[in-house]
Amino acid sequence: AQTVTQSQPEMSVQEAETVTLSCTYDTSESNYYLFWYKQPPSRQMILVIRQEAYKQQNATENRFSVNFQKAAKSFSLKISDSQLGDTAMYFCAFMKYNNNDMRFGAGTRLTVKP
Amino acid sequence: DSGVTQTPKHLITATGQRVTLRCSPRSGDLSVYWYQQSLDQGLQFLIQYYNGEERAKGNILERFSAQQFPDLHSELNLSSLELGDSALYFCASSVWELTDTQYFGPGTRLTVL
């Protein structure tokens, strides 16, 4: 079974600084997808970034980028120039190729301080 | 706003009762997914429908059922409710059946007293 581990229950960062959230996963699959979702206090689940395992290039979306290490089964999220609106729970998620049973980590609560 | 709508936003009911949660996917999306987010279990995938047919099942209890209608909206039925069913229930949608980015609705907060 696929498991997703987020080892940092809580993190904080000063506004305008950079923070990295960790995620590791366990799978025997070679084709899969990885996601970071953000859940602000409104509870809405918002897709931050998506990575296909067959792509070696790390995904980026504006201030958000990932460090995907397939051999190490690691998928960390880097947030640059942190903003107060980045304060949220961040969930790492795994999905096998051709299977929509998405597995989520326990989440990391990020607080951006002014 | 993801374009996925869910009703109601909040629902309070008693143990043993039955409730129905409703979801309308984004325009053009054919797949609908249901998730449960609870304090002890975290976020769990429940079930997926694609164009009216069940496609994948996760950790869905036998007391729970879902369906997707011809207009593509979906309903999740929860029966014989227990205190432990209290949770946030999300619906998500995507265009295709497999391995497609899912967009989440705002969720329905269910409280069982």
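Definitions and cut-offs
All residue numbers refer to positions counted from 1 along the written sequence of the respective chain. Starting at A for chains and at 1 for ligands, labels are handed out in the order in which the entities are written. In keeping with the model being predicted, local features are shown solely for residues with a pLDDT of at least 70 and side-chain atom pairs are shown and tallied solely at 80 or more, while totals for entire chains, interfaces and linings include all residues. Calculated side-chain values reflect all of the structure's heavy atoms, with hydrogen atoms and water omitted. One speaks of a salt bridge when a side-chain nitrogen belonging to Lys or Arg is within 4 Å of a carboxyl oxygen belonging to Asp or Glu. In this scheme Phe, Tyr and Trp rings, the latter by its six-membered ring, pair at centre separations within 6.5 Å, and the angle between planes marks the pair as stacked below 30 degrees, edge-to-face above 60, and tilted otherwise. In DSSP terms, a helix is any run of H or I states spanning at least four residues, a strand is any run of E spanning at least two, and both are numbered starting from the N terminus. Exposure classes here rest on a 1.4 Å probe applied to the protein chains alone. A residue is buried below 20% of its type maximum, exposed above 50%, and partly exposed in between. Using only the protein atoms, space was sampled on a 1 Å grid; points where a 1.4 Å probe fits but cannot get out form cavities, open sets with protein on both sides within 12 Å along at least five of seven lines form pockets, and lining residues are those with an atom within 4 Å of a point. Grid points are joined across faces, edges and corners, and a volume is the space filled by probe spheres set on the points. Asp, Glu, Lys and Arg are counted as charged, while Ala, Val, Leu, Ile, Met, Phe, Trp, Tyr, Cys and Pro are counted as nonpolar; the rest, among them Gly, fall into the polar class.

## Focus on the pattern of salt bridges
Residues and elements named next belong to chain A. A full pass over the atoms with the stated rule returns nine salt bridges over all chains. Here Glu 52 makes a salt bridge to Arg 50, at a shortest N to O gap of 3.4 Å. Across the salt bridge formed by Asp 101 and Arg 103, the nearest N and O atoms sit 3.0 Å from each other.

## What to know about the packing of aromatic side chains
According to the stated counting rule, one finds 16 aromatic pairs over all chains in the structure shown. With 6.4 Å between their ring centres and 75° between their planes, B:Phe64 and B:Tyr89 make a pair best called edge-to-face. Residue B:Phe64 is found in strand E7 (residues 64–68), and its partner B:Tyr89 is found in strand E9 (residues 87–94); the two are separated by 25 residues along the sequence. Both residues of the pair, B:Phe64 and B:Tyr89, belong to the buried class. By way of ring pairs, the aromatic residues A:Phe35, A:Tyr37, A:Phe91, A:Phe104, B:Tyr35, B:Phe45, B:Phe90 and B:Phe104 are connected into one cluster.

## Points about the layout of surface pockets
Roughly 470 Å³ of volume is contained in the largest pocket. Together, 23 residues line the largest pocket, and A:Arg43, A:Met89, A:Arg109, B:Gln37 and B:Leu39 are the ones closest to its centre. Elements supplying a minimum of two residues to the lining of the largest pocket: strand E10 (88–96) and strand E12 (108–113) of chain A together with strand E4 (31–38), strand E5 (42–50) and E9 of chain B. Along the lines of polarity and charge, the residues of the lining of the largest pocket split into 11 nonpolar, eight polar and four charged. If you add up the space inside the second largest pocket, you get close to 190 Å³. Lining the second largest pocket are 14 residues, and of these A:Arg103, A:Phe104, B:Leu43, B:Gln44 and B:Asn59 sit closest to its centre. Going through the elements one at a time, strand E1 (3–5) and strand E11 (103–104) of chain A together with E5 of chain B are the ones with two or more residues in the lining of the second largest pocket. Looking at the lining of the second largest pocket, the element that brings in the most residues is E5(B), giving four residues.

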